[in-house]
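# Structure assessment
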Number of protein chains: 2
Amino acid sequence: MSIRIGILGYGNLGRGVECAIRQNPDMELKAVFTRRDPKSVHILTEGVPVYSVEEAEKRKDEIDVLILCGGSATDLPVQTPEYAQWFNVVDSFDTHAKIPEHFASVDAAAKKSGKVAVISVGWDPGMFSIARLYATACLPEGENYTFWGKGVSQGHSDAVRRIEGVKDARQYTIPVESALEAVRSGSNPVLSTREKHTRECFVVAEEGADRERIEREIKTMPNYFSDYDTTVHFVTEEELKRDHSRLPHGGFVLRSGRTGWEKENGHIIEYSLKLDSNPEFTSSIIVAYARAAYRMNQEGQAGCRTAFDVAPGYLSMESAEELRRKYL
Amino acid sequence: MSIRIGILGYGNLGRGVECAIRQNPDMELKAVFTRRDPKSVHILTEGVPVYSVEEAEKRKDEIDVLILCGGSATDLPVQTPEYAQWFNVVDSFDTHAKIPEHFASVDAAAKKSGKVAVISVGWDPGMFSIARLYATACLPEGENYTFWGKGVSQGHSDAVRRIEGVKDARQYTIPVESALEAVRSGSNPVLSTREKHTRECFVVAEEGADRERIEREIKTMPNYFSDYDTTVHFVTEEELKRDHSRLPHGGFVLRSGRTGWEKENGHIIEYSLKLDSNPEFTSSIIVAYARAAYRMNQEGQAGCRTAFDVAPGYLSMESAEELRRKYL
């Protein structure tokens, strides 16, 4: 019998989950829930109903895992504990500073309902977190480094779009190659924010807008840009659409550490991603954790989990014997 | 209270475990067991006793986890099930084809004794296995590639040393850069053995030995060399000692896969290691899994486990809260 999946929220991430389900033959999309008018939401999978979110609770016995595809700012802090009352759930909550709080509220709800809730999965938090944890456990004395990009940061693109006179914009975060090389050399460099990443913006200005002011406002924007070397390119709407409409991303997690009685030996562990589509890769990971949530719940587990609490084998559709034979 | 560790077998790996314990403040080396005369074995840690292996059973209440540092060919198939009768154990069994058999015999012993036995940990099998499993679960449609090196292969070095007229030898396995680049490009190439790795041998010949014959015997040796492009260098004993006495290793695990409704997006996941000391890095991983074995057994678990069955959080000396705060 397939694992029956529900999707709550049908944006980039929800659509990615829908695509990923098609690549996992032990899973089946049962329903999509939306806050919009269900009649206005057209999904890719034939024969699968779109319901209003209000329907979700009623459908709890038809769905094994509900995947929450909302945003971390306002949706998930409310949705994840709410739906954990009725469903095994998975989310990609990524506001690092608020994870303890989110974990606590989701854990309370899931323990009460006897469900499993896996939070903060994707690639960062998620695969990058796991890479940091394994590397740190395997080399207790050393330094961790995370670099992001080259890729589109949606938060930074949004920030540029909010500037007066900006019609549209896309921002790329780019790791500094020489900084990466310094880490790979084992020298354990201390790197400032500016030394690790640069930022590049492609901006469509409104007609008649003051481009110099826009560029200055971008480059001096606190938190987002002021600590980085930023390049701004003004482009036409057509150019933006043609050259910058995809959502690639990626990055690098490195640990440089030492072993030996006198710490005489150095080691570098590197994990990296190069992604054509950030939301689709994130979705694909979320779907693997939905399988894990289902299985852990089948075993009688309940409560909130992160990627740190889930044994790798739970993520795979193959049996333990097959995994040992094929991947060990 | 510290986790009390015993080491069985004091070669390169045993010494590496001893060094790693010093880097893990929640652990304590309690004893080393050897098949040699204990008086002939001098360890690095002051005040820790060296016993004959016959003593081990008697000391079972003094040790939380016994780390088995023997070889996969003849030692571990016997030792791991034997010592799992009395101890939580960890081994680095790496004969891929015999893992199912080894798993079964260790599992039976550990279930009977109520202990946890973690087998086949290190970096391959071990960290590379995990990298393959996570990557495959996150990108169900794609190809896995593993490259080893640049590094010293002890099995291949031994094979060269067995040739008549060879006094000493060191063999390096080297990944072919263009093959790695082809994989990174996302083209999912089909690569032959010869296209993936080259081999380089540094050989000290006996005085008067026929070097041409030695070179030919190396290059045509079935399984070990005949499927590879091999380079042979004759060097002096001093040169071998000076330039080739360390045991570096490393390698790359890559997965190239596609997502999207029409599989329109490609992704590359890459995990790589660059190690100054193969045995010390392996030991360092084994020690992290010793912690996991202890904790799982404290929770009441029993039986055989591989890296696939161990949630990442068990490997770390930090609390779940700290892990979420620092690495998620």
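## Some remarks on the interface of chain B and chain A
- Facing 68 residues of chain B, the contacting portion of chain A comprises 68 residues.
- When chain B packs against chain A, the two sides together hide about 6,200 Å² of surface, and 61% of this comes from carbon and sulfur.
- Linking chain B to chain A there are zero salt bridges.
- Counting across the interface, chain B meets chain A through 32 residue pairs in polar contact (both at pLDDT 80 or more).
- Of all the elements in the fold, those that place two or more residues in the side of chain B that touches chain A are α1 (12-22), α3 (99-113), α4 (127-138), β12 (249-259), β13 (265-275), α10 (278-298) and α11 (320-327) of chain B.
- Take the side of chain B that touches chain A: its biggest share by element is 11 residues, from β13 of chain B.
- Partitioned by chemical class, the residues of the side of chain B that touches chain A number 33 nonpolar, 19 polar and 16 charged.

## What about the packing of aromatic side chains?
- Within this structure, the stated rule accounts for 11 aromatic pairs over all chains.
- With a centroid separation of 5.8 Å and 90° between ring planes, the pair formed by Y172 of chain B and F202 of chain B is classed as edge-to-face. Taken as a pair, Y172 of chain B in strand β9 (residues 166-175) and F202 of chain B in strand β10 (residues 197-205) lie far apart in primary sequence, 30 residues in all.
- Accessibility expressed as a relative area gives 7% for Y172 of chain B, which makes it buried.
- Through successive ring pairs, a cluster of aromatic residues spans W123, F128 and Y271 of chain A.
- Above the face of the F103 of chain B ring, R324 of chain A is positioned so that its terminal group lies 3.5 Å from the ring centre.

## Here we look at the sheet that holds strand β7 (residues 142-148) of chain B
- Sheet architecture is open: six strands sit in the order β7(A)-β12(A)-β13(A)-β13(B)-β12(B)-β7(B), paired in antiparallel fashion. Two strands close off the open sheet at either side, each with one partner strand: β7 (142-148) of chain A together with β7 of chain B. Averaged over neighbouring strand pairs, the angle between their axes works out to 10° when direction is ignored.
- Here β7 of chain A runs beside strand β12 (residues 249-259) of chain A; their pairing, made up of seven bridges, is antiparallel. Bridging from a neighbouring strand, Y145 of chain A pairs with L254 of chain A of β12 of chain A.
- Contacting β12 and β13 (265-275) of chain A together with β12 and β13 of chain B, helix α10 (residues 278-298) of chain A crosses the sheet at an angle of about 70° to β13 of chain B.

## Things to note about the packing of helix α2 (residues 75-83) of chain B against α3 of chain B
Residue and element names in this part refer to chain B.
- Between α2 and α3, the least distance of the axes is 8 Å, while the angle of their chain directions is 20°. Overall, the two elements α2 and α3 adopt an arrangement that is roughly parallel. Along this stretch, α2 crosses α3, giving a crossing that reads as right-handed. Between α2 and α3, the residues in contact are L76, P77, T80 and P81 and H102, S105, V106 and A109, respectively.
- Looking at the contact of α2 with α3, its residues break down into five nonpolar, three polar and no charged.

Rules and cut-offs
Residues numbered from 1 in each chain as written. Chains lettered and ligands numbered in written order. Predicted model: local features only at pLDDT ≥ 70, side-chain atom pairs only at ≥ 80, totals over all residues. Heavy atoms only, no water. Contact = heavy atoms within 4.5 Å. Buried area = accessible area lost by both parts, 1.4 Å probe. Salt bridge = Lys/Arg side-chain N within 4 Å of Asp/Glu carboxyl O. Polar contact = N/O pair within 3.5 Å; in protein donor to acceptor, adjacent residues only side chain to side chain. Helix = DSSP H or I, 4+ residues; strand = E, 2+ residues; numbered from the N terminus. Nonpolar A, V, L, I, M, F, W, Y, C, P; charged D, E, K, R; others polar. Phe/Tyr/Trp six-rings, centres within 6.5 Å; stacked < 30°, edge-to-face > 60°. Buried < 20%, exposed > 50% of the residue type's maximum accessible area, 1.4 Å probe, protein only. Lys NZ or Arg CZ within 6 Å of the ring centre and 35° of its normal. Pairing = 2+ DSSP bridges. Axes fitted to C-alpha atoms, helices over the stretch in contact; angles between N-to-C directions. Parallel < 35°, antiparallel > 145°, perpendicular 65-115°, else oblique. Left-handed = near helix turned anticlockwise from the far one by under 90°.

By themselves, these observations are geometric and do not establish any function.
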